[in-house]
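# Fold and geometry: a report
Chain residues, written in single-letter form:
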Amino acid sequence: MLLRAKYTLCASSADSMPAKIIPAFRKTTETFAAGAKTLPQQYFVSPEIFAEEQERIFSREWLLVGHQNQIAKAGDYFVSEVAGESLIIARDQRPTIRGFYNVCRHRGTRVCEDASGHALALQCPYHAWTYALDGRLIGAPHMDEVPEFEKAKYALHPVNLGLWEGFIFVNLAKKPRPLEEWFAPLAGKFSHWNLSRLRSVKRVEYDVKANWKLMFENYSECYHCPGVHPMLSKVSPYDSAENDLTEGPFLGGFMRIKKGKSLTMSGDACAIPVRGEGKDQEHEQEGKDRVFYYSIFPNMLLSMHPEYVMVHQLWPQSPERTLIVCDWFFHPEAAKRDDFNPEDAIEFWDLTNRQDWHVCELSQQGIASRAYEPGPYSSRESIPAAWDREYVRRMG
Amino acid sequence: MLLRAKYTLCASSADSMPAKIIPAFRKTTETFAAGAKTLPQQYFVSPEIFAEEQERIFSREWLLVGHQNQIAKAGDYFVSEVAGESLIIARDQRPTIRGFYNVCRHRGTRVCEDASGHALALQCPYHAWTYALDGRLIGAPHMDEVPEFEKAKYALHPVNLGLWEGFIFVNLAKKPRPLEEWFAPLAGKFSHWNLSRLRSVKRVEYDVKANWKLMFENYSECYHCPGVHPMLSKVSPYDSAENDLTEGPFLGGFMRIKKGKSLTMSGDACAIPVRGEGKDQEHEQEGKDRVFYYSIFPNMLLSMHPEYVMVHQLWPQSPERTLIVCDWFFHPEAAKRDDFNPEDAIEFWDLTNRQDWHVCELSQQGIASRAYEPGPYSSRESIPAAWDREYVRRMG
Amino acid sequence: MLLRAKYTLCASSADSMPAKIIPAFRKTTETFAAGAKTLPQQYFVSPEIFAEEQERIFSREWLLVGHQNQIAKAGDYFVSEVAGESLIIARDQRPTIRGFYNVCRHRGTRVCEDASGHALALQCPYHAWTYALDGRLIGAPHMDEVPEFEKAKYALHPVNLGLWEGFIFVNLAKKPRPLEEWFAPLAGKFSHWNLSRLRSVKRVEYDVKANWKLMFENYSECYHCPGVHPMLSKVSPYDSAENDLTEGPFLGGFMRIKKGKSLTMSGDACAIPVRGEGKDQEHEQEGKDRVFYYSIFPNMLLSMHPEYVMVHQLWPQSPERTLIVCDWFFHPEAAKRDDFNPEDAIEFWDLTNRQDWHVCELSQQGIASRAYEPGPYSSRESIPAAWDREYVRRMG
């Protein structure tokens, strides 16, 4: 909305926005899917389609739930809410990371109440049935009085679990495609980023009143950056995107960071490089002036900056509501340095995140109108269009 | 409920209520629809009937959304929620009042976020698509790179809009009956009331947990006034109603105000007459001692007092919830006078409104019971019965 | 969950829990239904089954709503919410206790707004229709102008009501089985407990996010007591239950109280015995060292301690939510004694109640999982299994 006090709009400026609001646009050679339009209304509001997504996507695909360094020691665990299910993700004594449904085999009670913790065994708070960290039932009072009862039949129900670059993924399908096969197209692509060694320094959860797909579409273009993110646009030009993954479940590329600048409130680097210093000459230049944005279908956003990595998990709650969990990861040695200032990055992106969620919520509201019809994507929105195509394929 | 400490009820008093509670009733010659009973339960609780009302009534009839003096200057606008739709009502440069769906043609985003304001153009906050105040798309960055894209095809979707006596009405139907035809039965009836010149001095919104029809039925009779509105009943006798519109979409008439009294907390007039002073000899006497109550199907209540006009908009939210927007209008010159005291009227009716909403909520609760069955309207409830008949015709 | 800092768990302890958590278990001869498992998931989450329960059980069976001493004098009344209905329970002048739907016969309005009170007659707050305490319409202003209107046809709709041991029960069925027939199996069983003379000293309401059946199952076993109720377990051994009612709508028996102890925070008796002192030699010993727990299908829990009686009413609100009303009753003379200390008992059970509701809520959460399947009841859970069987019969 243009308030008179703030702007003087020249109505004849037609296709270009006024200089105060949007920097001059220039033609680009960016690939563009002619005729691509946004998805029809029902994909954003229908409870039936939401249920189908939960079944076809969130109950069949590999889903990000966390990072291995959240549970560094044997006995560490955390609880994750996945497609309406509470899962226990624990590191057992061997030490292997395992996942279980958080449901006692006796009377169905939640076994773990806390969001995370450390335990030698998992004991149900109701009747004290006790499970080893590998899921085996090892204590069940009085059940030896029950004829034909066998403890071996009453282990916690396991959930499929795998690791990629240190990130923990689960899959609710009975026989899912192997994790390695799914991530094969990315093999080696991020290995110089040290992702498996990083530590999350901060987690923020956002409750967003918008369909989860709007956040993927929002993440996938910077056409909105000049108006929505004035601070970001100053250090990373909105039209500097170069995408190397342009079709399929993994999409994205990099944008340039102005020389000597950083994506922080101060504009200065806030930590040592995540890749380590001086060990990575091949990619060193690339690592300094670029921020890499990749979306990993269906619930991960991976944003790699020179000195930190931001990761979003998206958890659809209803057609019109999404829970977003955002972590800021740093080099494991970063905290030992005097100049470590993670809040400088956290505050920058927390602000930017909220700007994004706000416009996503405004889109959700408008899309629910009887007046909404799919609109045309611009030349700057080829990645959202590709994401939509992948989504439609997964739903097919 | 009669508490022992407050009342001594004579159980044998039969058809008359005790003097303390209800003034003596006298027989009247008021028209009475023999056999008329209240509507069956489903009309107040069924989600299916609610959806049908939204479709047959609130998507087809002319609906009050405000008054032209809310947007007095070119560029003024306000946003109205109508049947689940957000509409922009704006005065353009010509200066014509226009209505648009608040949905960007690009990705469906809400264009206007604020409830009201002033703008030179309407710019979407997401990707800065910009619309003139007449709805034309005048700015769409990068879209000139999209083959065959034509701005002329992407104007904001308009909504039908019309004015009656200065009040703004919208209609969501594709080809609605003309506003002038709808209001033809009232042509000239209120022209001496200066309605188009009045200014709203106060707006109060009420969130009422009752079906919208209960508020129309409540507004249409004063049988409840002695018990529910003791202060109102003192200055305006509950049995003084004379209705001149007794069938159809417009219903009502006047009630007497005691000589020298006013419907204010103090009992004194709080402003100059809305009709102006000394210019209206023909209706002058009528304008002094009477308050006129008219319901305008399906969402307007028009209450005209000698020195102010109260207008309710009713917005059904669910079968069991209604949003009510209430404005108090005064003569445009009223505020210039030293004796202008609008709070005296606002407080009086705010109190009276809340008394009404409370009994409507109690009715909603009881009607949802399995024990509810349509009850008999009294001789004092001919207008509620007529309103019900009109409602049933519109739903047919 | 076992936190490392708190416990050292011996994984090889197998069927016995560590001594710190659970006292040693010993084999018992308690009857045990071989093969009995918990109910399938849909009984705890399905809206359809909930609706069927409301119809087949809560609209047909006798339901506890209160105690006759809540409305000791003619004109006393209280309002009870039963299966979505608001009922007025009042003592009339004769003085008979009667029940009515809280719905005015005129326009359906709630007649009584307050949760309880005292009245000479029941007057609707909307149009002042007035009913005698026996339900007859005795005042209806202006209705004498309505041809063929007869007050006799517009009494408040009555609801079936009966008394058992001083407790008030209602039944929404048109022709319910007589109350005396229903309670015949318990005839005389509790007569020496003075139940009809007791007075409620305290009422606490709990809003529990769990299916109502989970609270019955929870109440019916003490297998959970060692872990969930450490304080209770100290004074009343979890394995001391002796049940005398083991099949059908009335289930339960007693548990032992350690000699000289009481179920209070202090461990001391907090009031004179509910049975009176010295008048009851036959049952005297029994009355001192035992607490009796009985469930009365479908909404009453009756817990009789030597010096107080606790009664729970269970009111299902949705498949996943239950309102629980808990009263603590004492001997009518108890309050006259200097050593009367009811808070000692109230606090004890309020704490214990909340421990129970918490594990019921954890069960509700886990049972909603796709991983839940009926689990095996132990030998200590014969009464929950019997309750389930009765429930299934009532639903058949």
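The structure displayed is predicted, hence computed values, not measured ones.

Each helix and strand counted, chain A has nine helices and 17 strands in total. When burial is assessed residue by residue, chain A has 45% of its 396 residues classed as buried. Expressed as a percentage of contacts within chain A between residues at least 6 apart in sequence, the contacts between residues at least 24 apart total 65%.

We now examine the domain arrangement of chain A. Residues and elements named next belong to chain A. On domain assignment, one finds that chain A holds domain 1 (31-57 + 190-395) and domain 2 (63-175). Inter-centroid distance (C-alpha atoms) of domain 1 to domain 2 is 31 Å. Contact residues are listed per partner, giving 11 residues for domain 1 and 10 residues for domain 2. Put simply, the parts of the chain that give the side of domain 1 that touches domain 2 at least two residues each are strand E11 (199-208) and strand E16 (309-318).

On to the pairing of strand E15 (residues 300-304) of chain B, then. Residues and elements named next belong to chain B. A large share of E15 lies buried, amounting to five of its five residues. Of the two faces of E15, the one carrying Met300, Leu302 and Met304 and the one carrying Leu301 and Ser303 are both buried. Bridge count between strand E14 (residues 290-296) and E15: five bridges; the pairing is antiparallel. Paired with Ser295 across the strands is Leu301, a residue of E15. Taking the residues between adjacent antiparallel strands as the criterion, E14 and E15 are bridged by three residues. Relative to strand E16 (residues 309-318), E15 is paired through five bridges, and the arrangement is antiparallel. For Leu302, the partnering residue across the bridge sits in E16 and is Val311. Counting the residues between successive antiparallel strands, the hairpin from E15 to E16 contains four residues.

Compared with an ideal rise of 1.5 Å per residue, which puts 14 residues at 20 Å, helix H9 (residues 382-395) of chain B spans 20 Å between its outermost C-alpha atoms and is within 8% of the ideal. Those residues of H9(B) that sit buried are Ser382(B), Ile383(B), Pro384(B), Ala385(B), Ala386(B), Trp387(B), Asp388(B) and Tyr391(B).

As a further point, take the pairing of strand E14 (residues 290-296) of chain A. Residue and element names in this part refer to chain A. E14 sits mainly inside the fold: five of its seven residues count as buried. Across seven bridges, the pairing between strand E13 (residues 250-256) and E14 is antiparallel. From the neighbouring strand, Arg256 faces E14, where its bridge partner is Arg290.

Assignment of secondary structure puts Arg393(B) in helix H9. Through-space distance from the C-alpha of Arg393(B) to that of Arg110(B) is 36 Å; in sequence the pair is 283 residues apart.

Okay, the confidence of the model for chain A next. Mean pLDDT over chain A works out to 90, with 88% of the residues at or above the 70 mark. Overall fold confidence for the complex sits at a pTM of 0.89, while the interface term, ipTM, reaches 0.89.

Once that is clear, we can look at the sheet that holds strand E9 (residues 158-164) of chain A. Residues and elements named next belong to chain A. Overall, antiparallel pairing links the seven strands, which are arranged E1-E10-E9-E4-E3-E2-E5 in an open sheet. For this open sheet the edge positions go to strand E1 (63-67) and strand E5 (116-118), each flanked by a neighbour on one side alone. Put simply, the sheet's adjacent strands are angled 30° from each other on average, direction ignored.

Once that is clear, we can look at the sheet that holds strand E1 (residues 63-67) of chain C. Residue and element names in this part refer to chain C. Reading across the sheet, the seven strands line up as E1-E10-E9-E4-E3-E2-E5 and stay open at both edges, with antiparallel pairing between neighbours. Of all strands in the sheet, those bounded by a partner on one side alone are E1 and strand E5 (116-118). Averaged over all adjacent pairs, the angle separating strand axes in this sheet is 30°, with direction ignored. Taken together, the three bridges between strand E2 (residues 76-82) and E5 define a ladder with antiparallel strand orientation. Its bridge partner being in E5, Asp76 is matched across the sheet by His118.

Further remarks concern unusual backbone geometry. The peptide bond linking Phe297(B) to Pro298(B) adopts the cis configuration, its omega dihedral lying at 0°. Tracing the sequence through the fold places Pro298(B) in the loop between E14 and E15. Phi is positive for His142(A), close to 70°, though the residue is something other than glycine. Looking at where His142(A) falls in the secondary structure, it is placed in the loop between strand E8 (137-139) and E9. With 22 C-beta atoms counted inside 10 Å, the residue His142(A) sits in the buried group. Positive phi outside glycine occurs at Ala83(C), with the angle close to 50°. In this fold, Ala83(C) is placed in the loop between E2 and strand E3 (85-91). Overall, Ala83(C) belongs to the partly exposed group, with 19 C-beta atoms counted inside 10 Å.

We now examine the environment of Trp164(B). Residue and element names in this part refer to chain B. Looking at where Trp164 falls in the secondary structure, it is placed in strand E9 (residues 158-164). Distance from Trp164 to Glu61, taken between C-alpha atoms, is 14 Å for residues 103 residues apart in sequence. Discounting chain neighbours no more than four positions away, the residues touching Trp164 are Phe169, Leu179 and Phe183.

With that settled, consider the packing of helix H4 (residues 212-219) of chain B against helix H8 (residues 342-367) of chain B. Working note: a packed helix pair is described by the angle between its axes plus the distance between those axes. All names here are of chain B. Contact geometry for H4 and H8: axes closest at 10 Å, N-to-C directions at 125°. For the element pair H4 / H8, the angle class is oblique. As H4 runs across H8, the sense of the crossing is right-handed. Side by side, H4 and H8 meet where Leu214, Met215 and Asn218 of the first sit next to Asp356, Val359, Cys360, Ser363 and Gln364 of the second. Residues belonging to the contact of H4 with H8 are distributed by class as follows: four nonpolar, three polar and one charged.

Further remarks concern the packing of helix H4 (residues 212-219) of chain A against helix H8 (residues 343-367) of chain A. Residues and elements named next belong to chain A. Two numbers describe how H4 lies on H8: the axes approach to 10 Å, and their chain directions differ by 125°. By the angle between their axes, H4 is oblique relative to H8. As H4 runs across H8, the sense of the crossing is right-handed. Contacts from Leu214, Met215 and Asn218 in H4 reach Asp356, Val359, Cys360, Ser363 and Gln364 in H8.

Time to look at the environment of Ile257(C). All names here are of chain C. Summarising the element assignment, Ile257 is placed in the loop between strand E13 (250-256) and helix H7 (281-289). As a C-alpha pair, Ile257 and Phe100 span 157 residues in sequence and 42 Å in three-dimensional space. The contacts of Ile257, once residues within four sequence positions are left out, are Val235, Ser236, Ser262, Leu263, Asp289, Arg290 and Val291.

What counts, and at which threshold
Residues numbered from 1 in each chain as written. Chains lettered and ligands numbered in written order. Predicted model: local features only at pLDDT ≥ 70, side-chain atom pairs only at ≥ 80, totals over all residues. Helix = DSSP H or I, 4+ residues; strand = E, 2+ residues; numbered from the N terminus. Buried ≥ 20, exposed ≤ 12 C-beta atoms within 10 Å, placed from the backbone. Contact = placed C-beta atoms within 7 Å. Domains from an automatic or database assignment. Pairing = 2+ DSSP bridges. Expected span 1.5 Å × (residues − 1). pLDDT = per-residue confidence, 0-100. Axes fitted to C-alpha atoms, helices over the stretch in contact; angles between N-to-C directions. Parallel < 35°, antiparallel > 145°, perpendicular 65-115°, else oblique. Left-handed = near helix turned anticlockwise from the far one by under 90°. Nonpolar A, V, L, I, M, F, W, Y, C, P; charged D, E, K, R; others polar.

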